[in-house]
Amino acid sequence: MKKYQENIEKLTPLQYKVTQESATERPFQNEYYNETRDGIYVDIVSKKVLFSSLDKFDAHCGWASFTKPVEKSEVLEKRDLTHGMIRIEVRSSDADSHLGHVFDDGPNGMPRYCINSPSLEFILKEEMEEKGYGEYLELFNK
């Protein structure tokens, strides 16, 4: 049995396809590609913090894009040779959820973490304390 089986059982069909079967959502028709409010993005399965709105940018690709994870140790990068392409897949390190892919075409030479919205849960800055993520509020005070 998987470590997060209870959380996996609560996923919507699209969240399951993306996180457990490495599917990709449709571009420009997803929840977070144009989200601009302050907050953090956590793995929908493990609830571990992955990305911050401070590192989010509009890559005009139709998916949520970030220059870096909050904690590099929370994401794994794997070579992906599917669909006749050579890419780097991004997975959450604890729950092994498929998140998306990372490319080398971000702003100012930074990476572009191109992430599927169904793999994420967005926690508004104003709700971080009450939802148990208060320690990450310091990100917004720098």
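Cut-off values and rules
Residues numbered from 1 in each chain as written. Predicted model: local features only at pLDDT ≥ 70, side-chain atom pairs only at ≥ 80, totals over all residues. Heavy atoms only, no water. Salt bridge = Lys/Arg side-chain N within 4 Å of Asp/Glu carboxyl O. Helix = DSSP H or I, 4+ residues; strand = E, 2+ residues; numbered from the N terminus. Pairing = 2+ DSSP bridges. Buried < 20%, exposed > 50% of the residue type's maximum accessible area, 1.4 Å probe, protein only.

### Things to note about the pattern of salt bridges
1) Next: Enumeration over the complete set of coordinates arrives at 11 salt bridges.
2) Next: We note a salt bridge from E21 to K17, for which the minimum N-O separation is 3.8 Å. You can see E21 and its partner K17 sitting in helix α2 (residues 13-21), 4 residues apart, about one turn around the helix.
3) Next: Look at the salt bridges and you will find they share partners, linking K3, K48 and D94 into a network.

### Digging into the sheet that holds strand β4 (residues 64-66)
1) Next: In space, the 6 strands of this open sheet follow the order β3-β4-β8-β7-β6-β5, with antiparallel pairing throughout. This sheet does not close on itself; its edge strands, each paired only once, are β3 (56-57) and β5 (75-80).
2) Next: Two strands pair when backbone bridges link them, and β4 and strand β8 (residues 112-115) are joined in this way by 3 bridges, in the antiparallel orientation. Across the sheet, residue F66 finds its bridge partner in β8, namely Y113.

### A closer look at unusual backbone geometry
1) Next: Here the phi dihedral of S22 falls at roughly 60 degrees; this positive angle occurs in a residue that is not glycine.
2) Next: Relative to the helices and strands, S22 is located in the loop between α2 and β1 (39-43).
3) Next: Of the residues examined, S22 reaches a relative accessible area of 36% and is grouped as partly exposed.
4) Next: With a phi angle near 60 degrees, F28 is a residue other than glycine that sits in the positive phi range.
5) Next: Relative to the helices and strands, F28 is located in the loop between α2 and β1.
6) Next: Looking at F28, the relative accessible area reads 47%, which means it is partly exposed.

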